Every structure is written in structure tokens, then in C-alpha cells.
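The residues making up each chain are set out below.
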Amino acid sequence: MFSKPFFPKLSTKHLVSLAMLMALSIVVGKLSIPIIPQQLVISLTFIVSTMIGAIGGPAYGFIILALIDLIDMMTAGTANFIIWWTLLEAVQGALYGFFFYRKPLSWTSKKDWVYVSVATLIIMGIGSFIFTPLLIQIYYKVPIAAQFISGRWLKIFEIPIRVILTMLVMTQLQKLRDWRQLTDINPK
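Residues numbered from 1 in each chain as written. Predicted model: local features only at pLDDT ≥ 70, side-chain atom pairs only at ≥ 80, totals over all residues. Heavy atoms only, no water.

Regarding the UniProt feature "transmembrane region" (unreviewed entry) in the protein chain
- UniProt annotation of "transmembrane region" (unreviewed entry) refers to residues 15-33, 40-70, 82-101 and 113-140 when read in the numbering used here.
- With 84% helix and 5% strand, the stretch residues 15-33 has end C-alpha atoms that lie 30 Å from each other.
- Along residues 113-140 one finds 100% helix and 0% strand; the C-alpha atoms at either end are 37 Å apart. (UniProt positions renumbered as here; feature names shortened; annotations may be inferred. Helix = DSSP H or I, 4+ residues; strand = E, 2+ residues; numbered from the N terminus.)

Structural notes on the side chain of Arg-162
- Examined against the element boundaries, Arg-162 turns out to sit in helix H6 (residues 158-173).
- Within the local environment of Arg-162, its side chain forms a polar contact with the side chain of Tyr-96, the two groups lying 3.5 Å apart.
- Those residues in contact with Arg-162 that sit more than four places away from it in its chain are Phe-46, Tyr-96, Thr-120 and Met-124. (Polar contact = N/O pair within 3.5 Å; in protein donor to acceptor, adjacent residues only side chain to side chain. Contact = heavy atoms within 4.5 Å.)

Here's the deal with the nonpolar core
- Counting 33 residues, the largest nonpolar core has Met-51, Ile-52, Ile-64, Ile-68, Phe-100, Met-170 and Trp-179 as its most contacted members.
- Broken down by secondary-structure element, the contributors of at least two residues to this core are helix H1 (12-30), helix H2 (45-75), helix H3 (83-100), helix H4 (110-140), H6 and helix H7 (177-183).
- Broken down by element, this core gets its largest block of residues, 11 residues, from H2.
- Contact partners of Phe-100, with chain neighbours within four places excluded, come to Thr-50, Gly-53, Ala-54, Leu-105, Val-116, Ala-119 and Thr-166. (Core = buried A, V, L, I, M, F, W, Y, C linked by side-chain atoms within 4.5 Å. Buried < 20%, exposed > 50% of the residue type's maximum accessible area, 1.4 Å probe, protein only.)

Here we look at empty space enclosed by the protein
- Applying the stated criterion across every chain yields a total of one cavity of 30 Å³ or more.
- Empty space within the largest cavity amounts to approximately 50 Å³.
- Taken together, Phe-46, Thr-50, Tyr-96, Phe-100, Ala-119, Thr-120, Ile-123, Arg-162 and Thr-166 make up the lining of the largest cavity.
- Listing elements by their share of the lining of the largest cavity, those giving two or more residues are H2, H3, H4 and H6.
- Element by element, the count of residues in the lining of the largest cavity is highest for H4, at three residues.
- Its residues assigned to classes, the lining of the largest cavity shows five nonpolar, three polar and one charged. (1 Å grid on protein atoms, 1.4 Å probe; cavity = no way out; pocket = protein on both sides within 12 Å on 5 of 7 lines; lining within 4 Å. Points joined across faces, edges and corners; volume = space filled by probe spheres on them. Nonpolar A, V, L, I, M, F, W, Y, C, P; charged D, E, K, R; others polar.)

Side note on the packing of aromatic side chains
- Taken as a whole and assessed by the stated rule, the structure comprises five aromatic pairs.
- Judged by centre distance (6.1 Å) and plane angle (75 degrees), the ring pair of Phe-99 and Tyr-115 falls under edge-to-face. In this pair, Phe-99 is assigned in helix H3 and Tyr-115 in helix H4, connecting sequence segments 16 residues apart.
- Under the relative-accessibility criterion, Phe-99 is labelled buried at 9%.
- Between Trp-153 and Phe-157 the ring centres are 6.0 Å apart and the planes differ by 70 degrees, which places this aromatic pair in the edge-to-face class.
- Grouping aromatic residues by their ring pairs yields a cluster made of Phe-98, Phe-99 and Tyr-115.
- We note Lys-103 situated over the ring of Tyr-115; from NZ or CZ to the ring centre the distance is 4.5 Å. (Phe/Tyr/Trp six-rings, centres within 6.5 Å; stacked < 30°, edge-to-face > 60°. Lys NZ or Arg CZ within 6 Å of the ring centre and 35° of its normal.)

What follows is the structure, given as C-alpha cells:
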């Protein structure tokens, strides 16, 4: 775990792949479905973030998700920049890298299912259940209790969906030779 380099060396193939995933993340983010405006949004960007973390590791995951947030904010046409949202995205990028960088996963391994479940709980716990409600309270003056009463608690139903989709996508990607070369792993 500690033998992983903080800033792994990136080849041209890695850089191009990460750039393409950045673009994909922005596009997928635009396809998000707002359930409760500025409070509860359903999105599949976590899959792309997982892929970015698997290729780039914690350091590049941090940088790339911060860049994605900045680009997304600039292309949204709003001047509502709050550094804490960008830092939250960056921290989540580091977590995706921490949990999925050079991590082989197997659909049939119970241990891997538990691993992905714990990773999802930690990432969502920090992002969706702790800091997002806190930032919404600070900047939009919506009390945390009101956010959970009005629907933020519904995000708990997203946890098993994220776990299943992460396992489905990542285990299938690991069957691809090019993906194994990018992530330097061998499938189980």
C-alpha cells in the first residue's frame, strides 16, 4: 500500500486517457438529474472518477477532479465559484485514487465486494453526507436537518447502486488488455 509512488510517472497514453476521462466526466456531469435543486442530484460521474483514480492514483485524482470542477464551473456560465466545492471534489478524487489505484477487483470475490462497499461508504460519507450538507448550509443557508428531511437521506439508496455499478464496470474494464496496461494490474 505504501510502496505506491505519490506522483506515478505518466506516459503519453496515460495523459491522453486521463484527458479523455476528464472530458467524459464533464459530459456525464451535464447529464445529471437534479432531484432537489442544489441539494440532491443523481449522476454517474462517480464511475468516471473511479476510472480516473484507477489510472492516476491519489495525487493525480486530486488534481484532475479539481480541474474538472473548475472547468465545469467555467462552462456552466455561472460566476458562483466557491473554493470549498473544488477542494471537496479534489479530496474525493484523491480517495478514488487511494482506493482504486492498481487495485484488481473480481466480481466473484466477496472480499472485493466488501472493499468497494467500504470505499463507496467513505467517499459518499465524506462528500454526500458530511461536507456537501455543511457547504449548502454555509453558502445557501439551508439547515442540515432541513436538507436531510427534504430528501438528502435518499442518497443512502444510491450506495448499493454505486457499489454494483463500480464492480460491474471495473471488473469488465480489467478484462481489457489496454486497461490492464494503463492501470498496471492483472485481473484476478
